[in-house]
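Fold and geometry: a report
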Amino acid sequence: MAGKILLTEWENGVLSAFWDSDKGRMVQMEYEANDKKETTSVGDIYIGRVRDVVPNLEAAFIEFDKGKKGYYSFRDNPPCIFLNKKQTQKICEGDAILVQVQKEAVKTKDLVLTSAVSFTGNSCVLVAGKNIYSISKKIKDSRWRQELKQKLEQAFPLSEKDYGFIVRTAAYSCSEEEILAECRKLAVQWEDLKEVAKYRTCYTKLYNSPRDYLRMLLGSVQREAEEIVTDSSMLFHQLQEFLQVNNPSLLGKLRFYQDDLLPLYKLYHVEKAVSEALSKKVWLKSGGYLIIESTEACHVIDVNTGKYESKKRTEESFLKLNKEAAIEIARQLRLRNLSGIVIVDFINMEQPESKRELIACLKQVLEKDPVGCYFVDFTKLGLAELTRRKERKPFREQMESVKS
């Protein structure tokens with residue numbers, strides 16, 4: 001998918017979006033308030049204090065800031081870095097450890113903390129506590145993979161390091177020298193942070209993660225971008241500075257848009273896209289429509305024939321409507337940033353061949369989602385079960401937090 005990353009000042013905040021140039025519509029949006037109440041973001045690194053150890057959960061609750069705590073799983077984390085004197089690796093109440101915010105708090109659930117501290121670059125990610133060299137499965141060139149792995153092992157022997165690297169898909173368009181240079185930069189960043197941590201107290205924030213709209217330029221969406229467009233001089237200069245340090249290869253794509261007669265939000269129908277992403281009902285071109293509702297446990301999507309009912313109710317027509325719905329559902333999941341379990345009630349079809357064709361269509365469109373979205377199976381009740389990886393809050397929650 002080829003398109004444009006758009007960034008504009010919107011309702012006392014910044015709206016970042018991805019515009020599909022081929023289809024002429026928005027496929028992804030995120031909002032971040034300038035004065036958001038939350039001062040903690042995914043990626044921030046703290047010195048936390050262990051408050052409660054819960055053996056039954058194989059977990060602990062760690063206070064990382066005064067009055068703020070997070071959930072820490074023993075099973076899902078590598079050995080942590082203690083900043084108090086310890087004789088063992090066993091985590092006990094009162095211990096001071098280095099933690100990073102892994103997931104945002106969701107409604108009644110605490111945010112999730114990890115000791116697998118990571119620093120993200122354009123071509124690779126440094127992960128502390130995991131001695132691995134992992135290369136994106138989307139890179140199929142086996143010879144390239146093998147040669148790069150050898151270079152990494154020579155430059156960063158695993159036996160001597162307390163970290164490893166995940167090589168991202170974007171690395172395939174970089175030279176070996178560029179990849180290794182970025183690995184070295186991230187390694188220095190990690191060593192410097194550990195050194196500083198020795199002289200700081202609990203609840204100290206050691207690292208501020210970049211704003212969400214800047215991190216977007218290090219994410220998978222930047223590979224699809226032909227241009228990065230903003231109509232804000234403040235954002236333009238901020239983007240220049242960020243890209244110069246973190247992703248210089250994108251500087252040539254950065255463009256400042258200025259047109260008093262046709263503002264950026266009008267040119268790309270931003271108001272319409274925001275309204276659509278917040279609406280429960282989504283119309284399809286055929287006359288059918290989707291009803292999208294979210295619960296505490298999952299998201300539910302109902303496919304309805306709507307105005308399509310006046311046409312012949314045949315297996316072929318239902319399959320056509322379901323495939324159209326599948327394509328739109330894939331877009332809506334990304335547009336609204338819905339994650340976790342998604343249940344879809346498609347129009348019922350009798351023939352197994354029709355269901356197989358629908359599944360193939362669904363898998364094909366979900367594969368294009370850069371976040372990671374997968375078809376699981378049809379349940380005994382005939383409902384399609386999907387799952388999508390969580391990265392940030394749903395778009396609706398981002399907007400609600402601003403209005404509250």
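The end-to-end C-alpha distance of helix H4 (residues 233-246), which contains 14 residues, comes to 20 Å, matching closely the 20 Å that a straight helix rising 1.5 Å per residue would cover. For H4, the complete set of buried residues consists of Leu235, Phe236, Leu239, Phe242 and Leu243. All buried residues of H4 project into a common sector of 135° when viewed along the axis, lining one side. Across from the buried face of H4, at angles greater than 90 degrees, the exposed residues are Glu241 and Val245. Residues of H4 that are buried sit in contact with strand E1 (3-9), strand E2 (13-20), helix H3 (212-215), strand E14 (225-230) and strand E15 (254-256).

Moving on, we come to the sheet that holds strand E20 (residues 373-378). If you walk across this open sheet you meet the 6 strands as E16-E17-E18-E19-E21-E20, and the pairing is mixed. Unpaired on one side and paired on the other, strand E16 (281-283) and E20 mark the two borders of the sheet. Between one strand and the next, the sheet's axes are offset by a mean angle of 20°, whatever the strand orientation. Where E16 lies against strand E17 (residues 289-294), 3 bridges are found, and the strand directions are antiparallel. Bridge pairing in E17 places Val282 opposite Leu290.

The next thing to look at is the side chain of Gln398. Along the chain, the position of Gln398 falls in helix H9 (residues 395-403). Overall, Gln398 belongs to the buried group, its relative accessible area being 9%. Of the polar contacts made by the side chain of Gln398, one reaches the backbone nitrogen of Tyr31; its length is 2.6 Å. Discounting residues that sit within four places of it in the chain, Gln398 has contacts with Glu30, Tyr31, Asn337, Arg392 and Lys393.

Moving on: the pairing of E14. Where E1 meets E14, 5 bridges bridge the pair, whose relative direction is parallel. When the bridges of E14 are listed, Ile5 appears paired with Ile228. Across 3 bridges, the pairing between E14 and E15 is parallel. Residue pairing for E15: Thr230 is matched across the bridge by Phe256. Crossover connection from E14 via H4 to parallel E15: handedness right-handed.

Pairing within the open sheet is mixed, and its 5 strands lie in the order E3-E2-E1-E14-E15. In this open sheet, the two strands that pair with only one neighbour each are strand E3 (25-33) and E15. Averaged over all adjacent pairs, the angle separating strand axes in this sheet is 20°, with direction ignored. Its contacts with the sheet put helix H6 (residues 270-278) on E2 and E3, and the angle it makes with E3 is roughly 85°. Along the sheet face, helix H7 (residues 315-336) touches E2 and E3 and points at about 15° away from the line of E3.

To continue, consider the packing of helix H1 (residues 142-155) against helix H2 (residues 176-197). Two elements in contact, H1 and H2, have axes whose closest approach is 11 Å; the angle formed by their N-to-C orientations is 40°. Classified by the interaxial angle, the pair formed by H1 and H2 is oblique. The hand of the H1/H2 crossing is right-handed. From H1, Trp144, Glu147, Leu148, Lys151, Leu152 and Ala155 reach across to H2, where they touch Glu176, Ile179, Leu180 and Cys183. Partitioned by chemical class, the residues of the contact of H1 with H2 number 7 nonpolar, no polar and 3 charged.

Let us look at unusual backbone geometry. Phi at Tyr203 is positive, roughly 75°, even though this residue is not glycine. Even without being a glycine, Asn337 presents a positive backbone phi close to 55°. Residue placement: Asn337 occurs in the loop between H7 and strand E19 (340-345).

Our next topic: the state of the cysteines. Scanning all chains against the criterion turns up 0 disulfides. No disulfide involves Cys80; its nearest neighbouring cysteine sulfur is the one of Cys92, lying 10 Å away. Take Cys80: its relative accessible area is 7%, and that puts it in the buried class. Note on Cys183: no disulfide assigned, nearest cysteine sulfur contributed by Cys124 at a separation of 3.5 Å.

Cut-offs used in this document
- Residues numbered from 1 in each chain as written.
- Predicted model: local features only at pLDDT ≥ 70, side-chain atom pairs only at ≥ 80, totals over all residues.
- Heavy atoms only, no water.
- Helix = DSSP H or I, 4+ residues; strand = E, 2+ residues; numbered from the N terminus.
- Expected span 1.5 Å × (residues − 1).
- Buried < 20%, exposed > 50% of the residue type's maximum accessible area, 1.4 Å probe, protein only.
- Arc of directions from axis to C-beta.
- Contact = heavy atoms within 4.5 Å.
- Pairing = 2+ DSSP bridges.
- Axes fitted to C-alpha atoms, helices over the stretch in contact; angles between N-to-C directions.
- Polar contact = N/O pair within 3.5 Å; in protein donor to acceptor, adjacent residues only side chain to side chain.
- Right-handed = clockwise from strand over helix to strand, strands pointing away.
- Parallel < 35°, antiparallel > 145°, perpendicular 65-115°, else oblique.
- Left-handed = near helix turned anticlockwise from the far one by under 90°.
- Nonpolar A, V, L, I, M, F, W, Y, C, P; charged D, E, K, R; others polar.
- Disulfide = S-S within 2.5 Å.

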